[in-house]
Amino acid sequence: MSMGTPSAGRAAASASPLGLDFPQSLAVYDDYAAAQKTVDFLSDNKFPVEQCMIVGTDLKRIERITGRLTTGRVAIGGLVSGIWLGLFVGLVLSLFSDGSSWIATVLATMVFGAAFGVIWALVGYAATRGQRDFSSVTQVVATRYEVLVEHKSAAQARELLAQLPGALPDPFAN
């Protein structure tokens, strides 16, 4: 582990497009739209918004169950994805074939793709041994959004933010 000087750490942080030098919290919101509205308001008032950052915190993984998986549904899904893969491969191969046989090439690769897709999907489904008989979509979301600003511009940002309609009083005011 190497110990660098504080100025070396600041140089590395400022070189990153996601880093700020000594960021300070400007405001915390429950939704992204409110944090975005704050930065937009600052931008509208000619504040140097490149000194701002919106950080989502308190992350949650949400999984929405979209349906029950059965052997038939898995087979149909494999069939459809296999046809698409076969269509793509067939179109690529048809670029290198003579002009008259391109339709046969595309159709043949679609048939092989469909067969491959069904087999591959069913083998994968069988490998789960019934431990996951449902389909779902997953998303990671933040429950809080914090607007950070460079320390050198924090006072100016707080003064501007106090003018935002519906803004709370500045807790840092003297």
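Residues numbered from 1 in each chain as written. Predicted model: local features only at pLDDT ≥ 70, side-chain atom pairs only at ≥ 80, totals over all residues. Heavy atoms only, no water.

1. Description of the overall build of the chain
Working step 1: Within the chain one finds 5 helices and 3 strands.
Working step 2: From first element to last, N terminus to C terminus, the chain shows the α and β order α-β-α-β-α-α-β-α.
Working step 3: Here the chain holds 174 residues, and the buried ones make up 23% of them.
Working step 4: Taking as baseline every contact in the chain between residues at least 6 positions apart, the subset at least 24 positions apart corresponds to 80%.
Working step 5: Total accessible area on the chain stands at roughly 12,100 Å², and carbon and sulfur atoms take up 63% of it. (Helix = DSSP H or I, 4+ residues; strand = E, 2+ residues; numbered from the N terminus. Buried < 20%, exposed > 50% of the residue type's maximum accessible area, 1.4 Å probe, protein only. Contact = heavy atoms within 4.5 Å. Areas by Shrake-Rupley, 256 points an atom, 1.4 Å probe, with all protein chains shown as cover.)

2. A closer look at the pairing of strand β3 (residues 134-150)
Regular strands place their side chains on alternate faces of the sheet.
Working step 1: With 6 bridges joining them, strand β1 (residues 23-29) and β3 adopt antiparallel strand pairing. Across the sheet, the residue bridging to Val28 is Glu146, located in β3.
Working step 2: Examined bridge by bridge, strand β2 (residues 52-68) and β3 share 15 bridges and lie antiparallel to one another. Paired with Arg64 across the bridge in β3 is Val137. (Pairing = 2+ DSSP bridges.)

3. Observations concerning the UniProt feature "transmembrane region" (unreviewed entry) in the chain
Working step 1: Per the UniProt entry, the sites bearing "transmembrane region" (unreviewed entry) are residues 74-96 and 102-127 in this numbering.
Working step 2: The straight-line gap between the two end C-alpha atoms of residues 74-96 is 34 Å; of that span, 91% is helix and 0% is strand.
Working step 3: Its end C-alpha atoms 37 Å apart, residues 102-127 is made of 100% helix and 0% strand. (UniProt positions renumbered as here; feature names shortened; annotations may be inferred.)

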